[in-house]
Amino acid sequence: MMNAKNIGMAGEKAACKFLKKNGYKILELNYQRAVGKIVGEIDIIARKGDVVSFVEVKTRQGAEFGLPCEAVTYGKQQRIIKTAYTYIAEHQLDLNYSFDIVEVYHDGKKVIQVHHIPYAFSL
């Protein structure tokens, strides 16, 4: 059995593979910036066409504690949005944006399912 950190890393790797397979170009992994006193992190920043997606990856071994997407609370969404603004300003982007969630289900040994939720939340 893998520990929680390794399962999380496997989830992010599976999410990248899934996004690439579906036409996304990965721009950044684990992008971190201080937003005020809070350090914000975005798991994956990817682009498909003229849309840049800021992706939060949630990996779970089951749904007994709710769906993985339910762990992306309003507060977490706000930190991701503020961090995304920093990325947009740094790179002077003038594109469309989406805030996505990728749910990854892991059985303790391997990834068993990946579910992408585009436009999971908005400004």
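Residues numbered from 1 in each chain as written. Predicted model: local features only at pLDDT ≥ 70, side-chain atom pairs only at ≥ 80, totals over all residues. Heavy atoms only, no water.

> So what exactly am I meant to see when it comes to the nonpolar core here?
Soluble globular proteins tend to pack their nonpolar side chains together in the buried interior. Among the nonpolar cores identified, the biggest contains 15 residues, and Ile42, Ile45, Phe54, Phe99 and Phe121 are the most heavily contacted of them. The set of elements that each furnish at least two residues to this core consists of β2 (38-48), β3 (51-60), α2 (74-91), β4 (96-106) and β5 (111-121). Considering every element that reaches this core, the biggest residue donor is α2, with 5 residues. Setting aside its immediate chain neighbours within four residues, Ile42 contacts Leu29, Asn30, Tyr31, Phe54, Val55, Ile80, Thr83 and Ala84. Core analysis: the next-biggest nonpolar cluster, separate from the first, contains 11 residues, Cys16, Ile44, Val55 and Val104 among them. (Core = buried A, V, L, I, M, F, W, Y, C linked by side-chain atoms within 4.5 Å. Buried < 20%, exposed > 50% of the residue type's maximum accessible area, 1.4 Å probe, protein only. Helix = DSSP H or I, 4+ residues; strand = E, 2+ residues; numbered from the N terminus. Contact = heavy atoms within 4.5 Å.)

> I would appreciate a short explanation of the pairing of β5 in the present structure.
Two faces, one strand: in a regular strand the side chains alternate between the faces of the sheet. Bridge analysis of β4 against β5 gives 7 bridges, and the strand direction is antiparallel. Bridging from a neighbouring strand, Tyr105 pairs with Gln113 of β5. Linking β4 back to β5 in an antiparallel pair, the connection comprises 4 residues, with Gly108 at a positive phi of about 100°. (Pairing = 2+ DSSP bridges.)

> Explain the packing of aromatic side chains here, please?
For any pair of aromatic rings, the description consists of the separation of the ring centres together with the inter-plane angle of the planes. Overall, the coordinates contain 5 aromatic pairs when judged by the stated rule. Considering the side-chain rings of Tyr31 and Tyr87, the 5.1 Å spacing of their centres and the 90° angle between planes classify their relative orientation as edge-to-face. Taken together, the residues Tyr31 in strand β1 (residues 25-35) and Tyr87 in helix α2 connect sequence positions 56 residues apart. Looking at Tyr31, the relative accessible area reads 2%, which means it is buried. In this structure an aromatic cluster arises from ring pairing among Tyr31, Phe54, Tyr87, Tyr97, Phe99 and Phe121. (Phe/Tyr/Trp six-rings, centres within 6.5 Å; stacked < 30°, edge-to-face > 60°.)

> Explain the pattern of salt bridges here, please?
A side chain with one charge can pair with a side chain of the opposite charge if their charged atoms come near. Counted according to the given criterion, the structure contains 4 salt bridges. For Asp107, the salt bridge identified is with Lys110, shortest N-O distance 3.4 Å. Asp107 sits in the partly exposed class, given a relative accessible area of 33%. Each member of the salt-bridge network shares a partner with another, and the members are Glu56, Lys58 and Lys76. (Salt bridge = Lys/Arg side-chain N within 4 Å of Asp/Glu carboxyl O.)

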